[in-house]
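A look at the structure
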Amino acid sequence: MDLENAKSWKPSRKDSWKTTLLLAYQSLGVVYGDLSISPLYVYKSTFADDIHHSDTNEEIFGVLSFVFWTLTLVPLFKYVFVVLRADDNGEGGTFALYSLICRHANVGLLPNRQLADQALSTYVMEQPTERKSSLRVRVFLERHKSLHTALLILVLLGTCMVIGDGLLTPTISVFSAVSGLELSMEHHQYAVIPITCFILVCLFALQHYGTHRVGFFFAPIILVWLLCLSGLGLYNIFHWNRHIYKALSPYYMLKFLKKTKRGGWMSLGGILLCITGSEAMFADLGHFSYAAIQIAFTLMVYPALILAYMGQAAYLSKNHVSSYQISYYVSVPETVRWPVLILAILASVAGSQAIISGTFSIINQSQSLSCFPRVKVVHTSDKIHGQIYIPEINWILMILCIAVTIGFRDTKHMGNASGLAVMAVMLVTTCLTSLVIILCWQKPPMLALLFLLFFGSIELLYFSASLIKFLEGAWLPILLALFLVTIMFVWHYATIKKYEYDLHNKVSLEWLLALGPSLGISRVPGIGLVFTDLTSGIPANFSRFVTNLPAFHRVLVFVCIKSVPVPFVPPEERYLVGRVGPAAHRSYRCIIRYGYRDVHQDVDSFESELVNKLATFIRYEWCRVNRRSDICNEDGESPSDISSRLTVIGTVGFSGTPAFEVDENIQPKSVSIGFPTVESVTDITELEEVGAAERRVRFAVENESESDAHVHVQLREEVEDLFAGQQAGIAFMLGHSHVKAKQGSSLFKKLAINYGYNFMRRNCRGPDVVLKVPPASLLKVGMVYVV
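These numbers come from a predicted model, not from an experiment.

1. A closer look at the packing of aromatic side chains
- Using the criterion set out here, one finds 21 aromatic pairs in the structure.
- Consider the rings of Phe68 and Trp69, whose centres lie 5.1 Å apart with planes at 80°: the pair is edge-to-face.
- What makes Phe68 buried here is its relative accessible area of 17%.
- For the pair Phe542 and Phe558, a centre-to-centre distance of 5.5 Å together with 85° between the ring planes defines the contact as edge-to-face. Of this pair, Phe542 sits in helix H23 (residues 540-548) while Phe558 is found in strand E4 (residues 551-563), placing the two residues 16 residues apart along the sequence. Of the two residues, Phe542 and Phe558, both sit in the buried class.
- Following the ring pairs from residue to residue traces out a cluster consisting of Trp511, Phe542, Phe552 and Phe558.
- Lying over the aromatic face of Tyr123, Arg103 brings its terminal NZ or CZ to 5.5 Å of the ring centre.
- Across the ring face of Tyr785, the terminal group of Lys498 is positioned such that the distance to the ring centre comes to 5.3 Å.

So this is what it looks like as structure tokens:
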């Protein structure tokens, strides 16, 4: 698939300086849109009600000092120097940290894990010798199952707060930018809300075109906006107060708190808005490089923001306006106010676009890890990996943004809500990073504890200041997070229970092999793809199908599409293929592995690629049997042994990519990461495509023995049956499940399963829509899961 092959791999970290600088420029529009527009509303939110600007300027100096040190400690020290290094194969975000932790400690709750997953090149990570202290922490986490659930809930909470940020950031950004009309149009202040709603509708209506269609506008807009912030900041500093730099001293923070007391503490909920968007540096790491994001922030974004806040403080120190009149635009000279207003609106749209795209991405990751109901994911770019659009989420966000705009109608309530969501995400990141320091980096637990206490105490201070304003807007992200966490946890819980039911009710291989004409079972032409979550055994829905309709396809493939706790799986390592029973039965198992950031294939390329993988596997298997007769089924290998052996089939097959043989019966302690490879066998068998309607197998083997000829005849027959089945048609067999709690279950479980999960299942996308199965080829098998 072109989309997958275009950029399913992370670019090299050894980029040239030219490439790094280009990525740094591009990151301005994607990563720093939200962070760069915060000067529009920080001072206005801070001086809303809790504190007032007095003639002594102690309040404005204290706020500037808080803003400077908050920007320095959190985005610069925490993210740029520490958190950005906790990447998962170059990817960042909450799920990247969770993925790292789950790979270094057995604390994950994902079903259908396999030992073969540990052989993925993106799974294996070089790490130093494990410390005794780190080992004790890992054993403690693995031993207490309740901590596994607590860790998942923590990750889900951070995810929900990111979604909440995706709702609140466009609202407060666009509203703050448009609020400049109140100064430029004296009798038209009531036009702010309608214009804000109109811009939000246009913003969300353009999402289906994809970021790549309008994204090239964003970097220049943010660059010009940052230059504008810097220029106006320098102008205000030199024109109004050249000694404003003295207010950067921490002394003014203490003086501020001493004078304002409780009001100053509550005003921290507005000050923390200066770091909204910092999480995007880590979340969008996968689209750029560590060096690019570091250069863009330290050389461009950070100085521009500091100058902008200093410039506003310099103006306010000489112009004592009322708290209601404090805004960014009062410090802008009237001669350039209209151009700055237009530029601010464009910058707010760019910043909103980045967080909306990030919301789509994190919901897609949640869905990949079975933590979110199925939604339709549209890939908007054939060249840029990971750019997606989710229609349902897009329109829900638009409606909620408009509702928040009309409901709150001021920056104060919006700022309180946005601030709490931002600090919750940062607290989750701090907690997860401290675990990464111990488990992945093998650093002393004391170092992780210092990291947690230092940055956690700063974030808890700001979080408490936001939480105290629960009735003034902070209730919104809390309510939204509780609602989303409930949905995600119930969906994940029911998914796990369904998998356990399938695991306990799977059918033995002997039952499948016993099906034949003597029982009235017919084999019809074509290929039957039976989708299941199981990586071994025969799913119960297939036995239900055969019981009610005593026939199945001549070629049978049990397909398992599973997620692996890695950001992406290389295409050459994606397919695990094996037999189910002897070769004459024409039954196979195919496990297709995706990472949480991978792009799933469409059904057309999936059908042809799956058949090609099966054909490659058949040639490899017969070649292996021919070369090593000691492992042939005729020499004592049981069907269950064959069924448990899987082979990694690469994208090039035998011409360049090695195949890896995996035995799923190996015990965990004896797993070897370096699986044996097989030699290239293109000189033995070669599959040629003659035309669209027919295919034939050509053999290029000289001096073959009589037994070899017999093997090649069987190989030719099996491959011909496979392609004949493809020509006859491919049927997709999916389970249509209804889940209910078993008798004696707790009230919570009954509510979660019988009502919550079944309601979401009925009203979200079906698996056939997510897999893009053609309706004419779909077979649904009804199943009742009593869990």
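2. Quick word on the pairing of E4
- When you tally the buried positions in E4, you get 11 out of 13 residues, the bulk of the element.
- Summarising the sheet, strand E3 (residues 522-531) and E4 pair through eight bridges and their orientation is parallel. When the sheet's bridge partners are listed, Gly528 is paired in E4 with Leu556.
- Here E4 runs beside strand E6 (residues 587-594); their pairing, made up of eight bridges, is parallel. Across the sheet, residue Ser563 finds its bridge partner in E6, namely Tyr594.

3. Describing unusual backbone geometry
- In the Ramachandran plot, Lys261 falls in the positive-phi region, its phi being about 55° despite a non-glycine side chain.
- Relative to the helices and strands, Lys261 resides in the loop between helix H13 (251-260) and helix H14 (262-271).
- For Ser370, which is not a glycine, the phi torsion comes out positive at approximately 60°.
- With respect to the helices and strands, Ser370 occurs in the loop between helix H17 (337-368) and strand E1 (378-379).

What counts and how
- Residues numbered from 1 in each chain as written.
- Predicted model: local features only at pLDDT ≥ 70, side-chain atom pairs only at ≥ 80, totals over all residues.
- Heavy atoms only, no water.
- Phe/Tyr/Trp six-rings, centres within 6.5 Å; stacked < 30°, edge-to-face > 60°.
- Buried < 20%, exposed > 50% of the residue type's maximum accessible area, 1.4 Å probe, protein only.
- Helix = DSSP H or I, 4+ residues; strand = E, 2+ residues; numbered from the N terminus.
- Lys NZ or Arg CZ within 6 Å of the ring centre and 35° of its normal.
- Pairing = 2+ DSSP bridges.

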